[in-house]
Amino acid sequence: MAVYRRGYQRYQGPLTGEWDRLLVLPRFAWESLMQQRLIAILFVLALFWPAGCALFIYFSHHLDLLQGFGGAASNIFQVNGEFFFVFMNVQSFAAIVLSAFAGPSLIAPDLANGALPLYFSRPLTRTTYVFSRMFVLAGVLSPVTWIPGLLLFAMQSGMAGWGWFAENYRLGLAVMGGFFLWILLVSLIAMACSAYVRWRVVAGALVLGLFFILGGAAELANAVLRVDWASALNPGRSMEQVWRAMLGLEPLPGPDAWQCAVCLGLMVAGLAVVLRRKLRPVEVVS
Amino acid sequence: MTNAIRMRQVWTIARLQLTRVFFSKRSFWVYLLALFPSVIFLGHGVEVKWKRERWGAQKTESGILQSIRRGDTDGEVLQKAGMPITDFRSGAFRRRREIGGENEEREIERRYMMFFDGTNRWDLRFENGILQSKRSRPLNDFDEDRQIFAGVFQYFYLRLAIFFGCLGIFMNLFRGEMMDKTLHFWFLIPARREVLLAGKYLAGLIASVLIFGTGAALSFALMLWPQDPAQLSAFWQVEGAVHLFWYAAAAGLACAGYGSVFLASGLLLRNPILPAVVILLWESINGILPTLLQKLSVLYYVQALCPTPPPVNANAPLLVRLLSAPAEPPAAVVSVLGVMAVTAVVLWISSKAVRRLEINYGVE
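Because the structure is predicted, anything quoted here is derived from the model rather than measured.

Student: How should I be thinking about the overall build of chain B in this particular structure?
Tutor: Looking only at helices and strands, chain B has 13 helices and 4 strands in total. For chain B, the C-alpha radius of gyration of 28 Å lies well beyond 21 Å, the compact-globule estimate for 364 residues. Taken over the C-alpha atoms alone, chain B extends approximately 90 × 50 × 40 Å along its principal axes. Within chain B, counting contacts between residues at least 6 apart in sequence, those at least 24 apart form 79% of the total.

If you want it as structure tokens, here you go:
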């Protein structure tokens, strides 16, 4: 065919499915993230605690190796809801640090370099874009949160037997569900900060600052106003309360799990609004 | 070039930079951080004043309230003390208790009354019309408020607000210019790089000291606002001004110390968040470190200047409380000299770094 006859023709080949499209961005982003030495180091560091917890479970089933502790060993080495709560607490901090380094590089460069029109000119909606970016973070955070959590649960179930599993299956569900909620919150915070400030470095500081400062501000308000409801404004503390309810543990003093869940829901909604406002393919500059 | 001219250059650079630090859109969150405690203290002050005024209209003599004893009926209490400010009945419920091996079930109706004697609030709890407990506490406790302010200053201001505020302000001085692609304008001016560094540091220091010093002073003033005038005047005559001075000095020194560290990390590293995380962790675990290691932190010296020790968190995990062994605080002179020495060393390292700094906007 002559060149001048080659006008516009719609692509006639096979189209990728909607779910496949969702995974296009994460596929490239995971690769580039894992090439960053710092992320790889943090990733490895974040796995030390799960390894320590695995040793703890092992020793809890081999108390004969710890005869030096005497009878106290059986009291110390107990794998229960409290054990998984401590595990989740430590890993949640690791997740914050990882998201502070990995999260901002997801959206900020696209916004700073005006690349959003390039994404949205493909069959990608804003929601798909946000979900695919969230998948990137979920992919980075899962191996340090719910996956080791479930492995620890499986290890304990394997060593303690079917009876323990039947009695405590709720712990495994709580670890997985609790970490899913945490990944959702942390990813949204990282993406909202990234979209809001557009600077990778500053966004990272903002992610860290948000968790620490909100925690400090909540404690400050509690102390000065002699109340305890302000704890619900601390995302970490609110999530702890929800986790304790999921793990069937005694609640912490202050707002109960439902009130904390409502606060967390409001935070998630607020972050979604920020993302919706900031992620615009076209920006009118006056 | 004489030192006087260099000093003038430093001041000119600082003046130009100050406008950017104070009025830049990116700096507004720092104001928010510095003024947040003031807003909370204002809220507390308004609450105390409002309650004092509202409850004062229904005041009951302190002697009458003291004469009320456990076992008095609610009718007797009302007869003696008059109408309470709050009178609340909870619905009846059944309580099962074991007496002499037999289960006895009783229906209980609870009632709560609150009186105010002008200074203290009195909480009276009744069960089935009989007074079970009586508790009085001051509407506003000056000592407790001062203790809370000490906690707010040392846990919120020093560890969070000034830390993150300085991270934002001082990191912006060089790394921000690099990201804005404007650093080459500064490098083109006829001034040595060390002079530029000194000017920028001075601007950051003035801004942070003014913002956080004012924030802390405002919080202090708002903490004092609802207090009893007699207690307040006694406080001002004895130690008020000294407390205010040392809190301001601690805030200023923290800005100088953290500022120099973040300025240096902004110059030496492309991503200053990493040192920030390390320093934050180091400062957070400072209280449980061995004495020698505690001395290797800004917080150790700055906290020593605070006039009131921070309250101990009774809810902290047992392990943390057991491990907490605060080192002996240094003398005020040692603290000031210590932070200034650290600042001088870090600025010297920064001056070496800024001389070698090459602009590469592409990698940002």
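Student: Could you clarify how one ought to interpret the overall build of chain A in this entry?
Tutor: Helices and strands together make up the secondary structure of chain A, namely 14 helices and 0 strands. Counting from the amino terminus, helix and strand elements in chain A follow one another as α-α-α-α-α-α-α-α-α-α-α-α-α-α. When the backbone C-alpha atoms are referred to their principal axes, chain A occupies close to 90 × 55 × 35 Å. Per-residue burial over chain A gives 39% buried out of 286 residues. Across chain A, the fraction of contacts at a sequence separation of at least 24, relative to all contacts at a separation of at least 6, is 75%.

Student: How should the nonpolar core be read in this particular structure?
Tutor: Note that soluble globular proteins tend to have their nonpolar side chains buried in a common cluster. The biggest cluster of nonpolar side chains holds 150 residues, and the ones touching the most others in it are L98(A), Y157(B), I162(B), A254(B) and V302(B). Ranked by the residues each element gives to this core, the list is headed by helix α5 (residues 142-180) of chain B, at 20 residues. The next biggest cluster of nonpolar side chains, apart from the first, holds 8 residues, and it includes M113(B), F116(B), L124(B) and L131(B).

Student: Looking at this model, I keep getting lost on helix α13 (residues 332-356) of chain B. Mind explaining?
Tutor: The periodicity of an α-helix, 3.6 residues per turn, causes residues three or four positions apart to be oriented the same way. Taking 1.5 Å per residue as the helical rise, α13(B) with its 25 residues ought to reach 36 Å, and the 37 Å between its terminal C-alpha atoms agrees with that figure. Those residues of α13(B) that are buried are in contact with α7 (193-224), α8 (229-268) and α11 (298-305) of chain B.

Student: Quick question: what am I supposed to make of the domain arrangement of chain B here?
Tutor: Interface size, as often reported, equals the accessible area lost upon joining of the parts. One can read the domain layout of chain B as domain 1 (3-51 + 141-363) and domain 2 (57-138). Between domain 1 of chain B and domain 2 of chain B, the C-alpha centre-to-centre distance is 49 Å.

Student: I keep staring at the interface of chain B and chain A and nothing clicks. Help me out?
Tutor: Each side of the interface is counted separately: chain B has 24 residues, and chain A has 19 residues. Residue assignment for the side of chain B that touches chain A shows that the elements contributing at least two residues are α2 (28-56), α5 and α9 (273-284) of chain B. Take the side of chain B that touches chain A: its biggest share by element is 11 residues, from α5(B). Here the side of chain B that touches chain A is built from residues that sort into 18 nonpolar, 5 polar and 1 charged.

Student: Hey, could you run me through unusual backbone geometry in this one?
Tutor: Glycine aside, the phi torsion of most residues is negative, and most peptide linkages are trans. Phi at R226(A) is positive, roughly 55°, even though this residue is not glycine. Note on R226(A): 11 C-beta atoms within 10 Å, which makes it exposed. Here the phi dihedral of N128(B) falls at roughly 50°; this positive angle occurs in a residue that is not glycine. By the element assignment, N128(B) lies in the loop between β3 (120-127) and β4 (130-138). Taking the C-beta count within 10 Å as the criterion, N128(B) has 14 such neighbours and is therefore assigned partly exposed.

Student: I keep staring at helix α7 (residues 104-112) of chain A and nothing clicks. Help me out?
Tutor: Residues and elements named next belong to chain A. Where α7 is concerned, the buried positions are P104, S105, L106, I107, A108 and D110. Where α7 is buried, its residues contact α2 (24-34), α6 (81-102), α8 (116-120), α9 (126-141), α11 (162-197) and α12 (200-225). At the C-terminal side of α7, G114 shows a positive phi close to 60°.

Student: Would you mind showing me how to read the confidence of the model for chain B here?
Tutor: Interpreting fine coordinate detail is not advised for predicted regions of low pLDDT. Residue and element names in this part refer to chain B. Summing up the model confidence of chain B, the mean pLDDT is 86 and the portion of residues at 70 or higher is 90%. Put simply, helix α12 (residues 318-323) is where chain B has its lowest mean pLDDT, 54, and α7 is where it has its highest, 95. Interface predicted TM-score (ipTM) for the complex: 0.83; the corresponding pTM is 0.84.

Student: How should I be thinking about the environment of C306(B) in this particular structure?
Tutor: All names here are of chain B. You can see C306 is positioned in the loop between α11 and α12. Taking the C-alpha atoms as reference points, C306 and W246, separated by 60 residues in sequence, lie 5.9 Å from one another. With residues up to four places along the chain from it excluded, the contact list for C306 reads A150, F153, Q154, W246, Y247 and A250.

Student: Explain the pairing of β3(B) to me, please; I cannot follow it from the model alone.
Tutor: Across a regular strand the side chains alternate sides, sitting on one face of the sheet and then on the other. Residue and element names in this part refer to chain B. Bridging between β3 and β4 involves 8 bridges; their strand directions are antiparallel. The residue of β4 that forms the bridge with N120 is P138. In this antiparallel pair of consecutive strands, β3 and β4, the connection spans 2 residues, and N128 shows a positive phi of 50°.

Student: I keep staring at the packing of α2(B) against α7(B) and nothing clicks. Help me out?
Tutor: Axis angle and axis distance: for two packed helices, these are the angle between their axes and the distance between the axes, and together they describe the pair. Residue and element names in this part refer to chain B. Between α2 and α7, the shortest axis-to-axis distance is 8 Å and the interhelical angle comes to 5°. In terms of their interaxial angle, α2 and α7 are classed as roughly parallel. Side by side, α2 and α7 meet where V30, Y31, A34, L35, P37, S38, F41, L42 and G45 of the first sit next to I211, F212, G215, L218, S219, L222 and M223 of the second. When its residues are assigned to classes, the contact of α2 with α7 shows 12 nonpolar, 4 polar and no charged.

Student: Before we go on, may I ask you to explain the packing of α12(A) against α5(B) in this structure?
Tutor: Packing of α12(A) against α5(B) leaves a shortest axis separation of 10 Å and a crossing angle of 165°. Considering the angle they form, α12(A) stands roughly antiparallel to α5(B). Crossing angle aside, the handedness with which α12(A) passes α5(B) is left-handed. Between α12(A) and α5(B), the contacting residues are V201(A), A205(A), G209(A), F212(A), I213(A), G216(A), L220(A), A223(A) and V224(A) on the first element and I148(B), G151(B), V152(B), Y155(B), F156(B), L160(B), F164(B), L167(B), G168(B) and R175(B) on the second. Of the residues belonging to the contact of α12(A) with α5(B), the class tally is 14 nonpolar, 4 polar and 1 charged.

Student: Looking at this structure, I do not really get the environment of L137(A). What am I missing?
Tutor: Residue and element names in this part refer to chain A. In this fold, L137 is placed in helix α9. On the basis of neighbour counts, which here come to 25 C-beta atoms within 10 Å, the residue L137 falls in the buried class. On a C-alpha basis, the gap between L137 and I76 in space is 35 Å, while along the polypeptide they are 61 residues apart. Setting aside chain neighbours within four positions, we find L137 in contact with S99, A102, G103, S187 and A190.

Here is what the cut-offs are and how they apply
- Residues numbered from 1 in each chain as written.
- Chains lettered and ligands numbered in written order.
- Predicted model: local features only at pLDDT ≥ 70, side-chain atom pairs only at ≥ 80, totals over all residues.
- Helix = DSSP H or I, 4+ residues; strand = E, 2+ residues; numbered from the N terminus.
- Rg over C-alpha atoms; globule rule 2.2 N^0.38 Å.
- Contact = placed C-beta atoms within 7 Å.
- Buried ≥ 20, exposed ≤ 12 C-beta atoms within 10 Å, placed from the backbone.
- Core = buried A, V, L, I, M, F, W, Y, C linked by C-beta atoms within 7 Å.
- Expected span 1.5 Å × (residues − 1).
- Domains from an automatic or database assignment.
- Nonpolar A, V, L, I, M, F, W, Y, C, P; charged D, E, K, R; others polar.
- pLDDT = per-residue confidence, 0-100.
- Pairing = 2+ DSSP bridges.
- Axes fitted to C-alpha atoms, helices over the stretch in contact; angles between N-to-C directions.
- Parallel < 35°, antiparallel > 145°, perpendicular 65-115°, else oblique.
- Left-handed = near helix turned anticlockwise from the far one by under 90°.

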